[in-house]
Structures are given as structure tokens and as C-alpha cells.
Amino acid sequence: MSSDVNPLFTQRDKLVAEMRSGGSLDWDIIIIGGGITGAGILREAVRRGYRALLLEQGDFSSGTSSRSSKMIHGGLRYLAAGDLKLTKESLSERERLLAEAPGLVDRISFFFTLSKGLFPGRWAMAVILTLYDFIAGIRDHRYYNNRRLGERFPGLQQGHLNGATAYSDAMVDDSRLVLRVLQESIAAGGKAINYSKVSQLLLADGQVQGVVLDAPDSSDAIRLRAAAVINATGAWADRLRNQVNPEQRIRPLRGSHLIIPRNLMPVTDVLTSLHPEDKRGVYIYPWEGTTVIGTTDLDHSEDLDIEASINNAEVDYLLQAFNVQFPQQVISRADIISSWAGVRPVIGSESAKDPSKERRDHAVWSDNGLITVSGGKLTTFRLIALDALNAALPQLPAAQPFTDERVFTTPDLTPSELVAEDPQWAQRLLGRYGIQAKAMLHSAPVEERQRIAGTDFCLAECRWAARHEGVVHLDDLLLRRTRLGMVMAQGAMELLPALEAICTAELGWDQDHWRLEVKRYMSIWKRFYSLPEDNDRP
Ligand code: FAD
């Protein structure tokens, strides 16, 4: 390991060992939940000088934060619904992320198709987007008639359309966003451990004083104390909160997506159109060298402890959305590489029966010393984190002053200095690994620094993740540190021999351990990232 490398998540075993021997049991802040909300809180807590620990029951980002639609957006529909505040905050955060993390968060054009006789029409969209762009401080929307739209999306059925309005928002790899925020937090002194479940809150005189941690790799629970405990467990938030307040506020809503090979529909922009059945907006968009169709929006009544997955009705719904629009390029289940589903932690209201009518705002509650935060979006994670932290301030010592508000440290080398022959790819690596990008690339043998065919990932990233990014299972590596298992056929089976060599060297796995990990991974992939059996219908 080169000396300029932060130990990142290699602290995990050391920290747990310390806790077992009675050290590191007292903290200023304990954050429960290792999604984007928890990561954002850790980032903001450590820069204020707090001793902060984040605990995640599964892998980092394994909840909703690796399963979103991956858009960093102002939320055009919030503006159309008159929610100026949420739009304004989202747009200013979008611009901040684009400026701070290029290569991780990148601008992309959205084409919103205009259906004849349906709202919004061309002029209504022009008004909405003038306001949208004005709030963001950019001017980037234009009208495309059917002919120009057809050039952009060859084969698109246009008989029912009055062209489209194009505007810009941004795309991200959500899981890498969480990892990058954690990396920054840990470099600034924060601690984060995955596969560490909080089973209970520690109460004294009815007040929350800490947590009981199901200790990783052991049956002994560890009792940790903190001046402030923040419950950032997203869709699971009611569970811990219900230990101090019986109110149920989370309405879990599932959204699912399909991934098809890029060559079947090589889009470079996002196409938004209204689903023929229910007139909901559905997206077709490029992501990680593939094309994605998403999403659905329905109540998720399944057990939250079982990973969310797409059902057959959703598969049919998304295929229909695609096939109605591209009748000459009809796709079937056999064309699908993989799928993913996530559960939105939406704060339920009494009034909205239709899931899509629920607001996507976040909420913060304070109950007997427990701060709970849930809801919201990836895009506004920094503001959500600040709201949660502000609610915890009365329980905390005074914060240290700081001046630099950036979430991400700017790497001190240019893309051409990192990979002279491919600066665009280098920018991607700088966005994902920040100041660690050079160390990531150079700590692997030359042959691992090439892109894996058909993807933008390289094996050097897998080696780096195994060595430095808290990988415990093969699925951490293939589904979250990289997305190889989602974008390659059969869950990237063809990479297994190369990955076995990497995991053996970096994680010390022997053959038996490797076999167990492959079995676990293939079972997870089949159940939650491929398609349900076609005959498995109600
Ligand atoms: P999570 O990511 O779910 O994190 C909570 C974590 O808490 C989980 O990892 C869980 O394992 C952990 N946890 C639970 N209980 C415990 C415990 N007892 N002990 C320890 N850990 C525990 N937002 C956007 O901005 N753009 C989008 O395009 C977008 N698209 C979306 C599409 C879909 C289908 C969905 C579902 C959401 C989308 N969102 C989008 C919203 C966004 O993904 C979420 O708001 C965000 O990821 C929530 O992050 P979180 O950290 O609050 O929750």
C-alpha cells in the first residue's frame, strides 16, 4: 500500500476489536444507516469537529441508495406541482454537485415528449423550463419537432406526439456517490462500519443514550454511548423510531428498472414519455454502457429485510412502455440483462392514495433524544444531512468553526495527467475516487488498468475496492463498489476467475470461502437482480 493512501474502510476490524476490548465506546454522534443520508450526516458532523461513527446493517449503500434511478435533478414535476422550495434546493444542489464532482455527477439532456392533447404542451413546458433554468442559473432548454426528435431517437413512434422539449439535469452512480462521501468523511476523521446492525436503542430514564450493536462476526452485542443518536435508516426508519414513538410515518414505495444492452437502443440522452396505461412519466436512458427503462411506483408491502426486486407485472409494464414507443425494435424478456428495484422512504400523507402523488420531501423528528431523518432524494442529501444535524445540536457540544463547505476535495491532478490517452475516462475515475484515483489505478498491474470489454470499469477498481473499500462479500464488489454484476450478462460470471485471484490476494479468501461467496452472490443476483420466473404470476 502506498503511503499517500488513506486507510479508508480498513479501519473496520481494528475498530470492532477496540470496542470489544472496551475502547471507542463513547461518541459525540452515532449515525445509524449507511445510505446517502447517513453518509452526508457523517461528512457534515466530522467537519464540525464531532467524533462521529456510522453503523450500517448491510453493505454501505445497500438500501435504497444503490437502487435509485440515478438522477441528480431539480425535479421538474415538483415545480409543475408548485413546490418551488424543493425545486430551488434541488437545483442549487445539482449545480454544486456538478461543479464539485465532475466524472461522478455529469450533465445529461432529458427529452420530455409532448403528447397531443395532453398536459403539458409545448408552451406550458417552455414556461416551466424557463423558470427551472432561471432558478438553476443556466439557460439550457429547447423545443424539438418530431423530425428532429426522430433523428435523436431513431425508430421512436411519433404519430401521437407534438415533438419534445429538451432540458438538462444530471446522472450519477448512486452507490459510488455514497462511497465517495464516506471516503471524504473518513479522511476527515469519521468512522464507518458496514455489516453492523443496531438492534436496539440504549435508554436511560426514557432518553436515548446510545445503541446496542449486533457485533459483526460475533454473538456478543456491543453497547455504544453517544450524546446524539441519529436514525438515518430510510425505509426502515419507523422500526428504530418506534422504540420511542409508536407513530408510523414511512410509506415504502417500490420503483423498479430494467437494463437492456445498449446496442438494442443506443440512446445518449434521457427520453421521458407518458406510459400509455396510466400516463406516468417513464424514462429510457443511458447508464454505465447500457440502456435503462424505469421506473415503476407502487406500494411495497413485502418484508423490508428481504431485498426489493421487480415483479412480473412491473416487467410487463416497463416492456410495454418501451415497445409502444419503438414498435420496430420490440424487446422481450430474453433481451434483458438485469433489473433492480429500490424502496423509496416516502413520508406518507393521509390524502394521497396514488403513490405517485406523495410528496418526495424529507422529514426530521426528535423523540426522547433520538433524531430520525427519512425521505427526500439523493440530490439534496447535503441539505437533508444539515437538517438532521441541526436537530441534534442541542444535545451536542459546540461545533468547531470551519470555512470550506465543499463535500468533495478536488483532486490535484488533471484527467490528462491521470490517463493521457483517455482523459474522458480519467475524469470518470477522478469523479469516483477523488484524490485516491491515481493510487487506485497505479496500485494494480498494468493489465488490470484497461476497461473491461463493453464497460467503463476496470479490474483495478475491483482490486482497490477489495483492498480499501470495506468489501466483505462478493456482491459488495460486483453490485455496489462496481456495477459489473448489473451491466454484464449473467451477473458478470465471465469475470469470476479474475476476481477469484483478486479476492484471494486482497481479502485472504481461500477456495472454500470463495465458493461460498460465489454461491451467495449468484443466489442474490438471481433473486433480486434478474427477472422473476415468467410463470410466477398471481
Ligand atoms: P437508504 O439508502 O435506504 O439507507 C438507509 C440504510 O439504513 C440502509 O442501507 C439500511 O440497510 C440501513 N439500516 C436500516 N436499519 C438499520 C439498523 N437497524 N442498523 C444499521 N443500519 C440499518 N433520488 C434522486 O435524487 N434521484 C433519483 O433519480 C432517484 N430515484 C429513485 C428511484 C427509486 C426507485 C427509489 C426507490 C428512490 C429514488 N430516489 C432518487 C430517492 C433516493 O434514492 C433516496 O431518497 C435515498 O437513496 C435515501 O437514502 P437513505 O440514506 O435515506 O436511505
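The structure under discussion appears in the preceding block.
Residues numbered from 1 in each chain as written. Predicted model: local features only at pLDDT ≥ 70, side-chain atom pairs only at ≥ 80, totals over all residues. Heavy atoms only, no water.

S.K.: Please set out the pairing of strand β1 (residues 26-32) residue by residue, giving values where relevant.
M.R.: Across the 7 residues of β1, 6 count as buried, placing the element largely inside the fold. Of the strand pairs in this sheet, β1 and strand β10 (residues 221-231) are connected by 6 bridges, and their pairing is parallel. Directly across from W27, in β10, lies its bridge partner A226. Of the pairings in the sheet, the one linking β1 to strand β2 (residues 52-55) comprises 4 bridges and is parallel in character. Directly across from I30, in β2, lies its bridge partner L53. Chirality of the crossover, the property in question, places the unit of β1, helix α2 (residues 36-47) and β2 among those that are right-handed. (Buried < 20%, exposed > 50% of the residue type's maximum accessible area, 1.4 Å probe, protein only. Helix = DSSP H or I, 4+ residues; strand = E, 2+ residues; numbered from the N terminus. Pairing = 2+ DSSP bridges. Right-handed = clockwise from strand over helix to strand, strands pointing away.)

S.K.: Quick rundown of the site of the ligand? Include the residues and the values.
M.R.: Among the 35 residues in the neighbourhood of the ligand, the closest are listed as T37, E56, S65, M71 and T379. Residue S65 places a side-chain N or O atom 2.5 Å away from an oxygen atom belonging to the ligand. Contacts to the ligand include G376, whose backbone N or O atom sits 2.9 Å from an oxygen atom. Relative to its unbound accessible area of 1,000 Å², the ligand is 96% covered by the protein chains. (Near = heavy atom within 4 Å. Polar contact = N/O pair within 3.5 Å; in protein donor to acceptor, adjacent residues only side chain to side chain. Areas by Shrake-Rupley, 256 points an atom, 1.4 Å probe, with all protein chains shown as cover.)

S.K.: Now, about the packing of aromatic side chains: what can you tell me, with residues and values included?
M.R.: Each aromatic ring pair is summarised here by two numbers: the centre-to-centre distance and the angle between the ring planes. Under the counting rule described, the total for this entry stands at 9 aromatic pairs. Summarising the aromatic geometry, the rings of F111 and Y144 are spaced 4.8 Å apart at their centres and angled 70° between planes, so their arrangement reads as edge-to-face. Here F111, found in strand β4 (residues 105-115), pairs with Y144, found in strand β5 (residues 142-144); they are 33 residues apart in sequence, far enough to count as distant. Here the two residues F111 and Y144 agree in accessibility, since each one is buried. Look at F111 and F153: their rings are 5.3 Å apart centre to centre, the planes differ by 80°, and that puts the pair in the edge-to-face class. In this pair, F111 is assigned in strand β4 and F153 in the loop between α6 (146-152) and β6 (161-172), connecting sequence segments 42 residues apart. Of the two residues, F111 and F153, both sit in the buried class. Chaining the aromatic ring pairs together yields one cluster made of F110, Y132, Y167, Y283 and Y285. (Phe/Tyr/Trp six-rings, centres within 6.5 Å; stacked < 30°, edge-to-face > 60°.)

S.K.: Explain helix α10 (residues 381-392) to me, using residue names and the numbers behind them.
M.R.: Between its first and last C-alpha atoms α10 spans 17 Å; for 12 residues at 1.5 Å apiece the expected length is 16 Å, and the two agree. With 9 of its 12 residues buried, α10 lies for the most part within the structure. Those residues of α10 not exposed but buried are F381, R382, L383, I384, A385, L386, A388, L389 and A392. (Expected span 1.5 Å × (residues − 1).)

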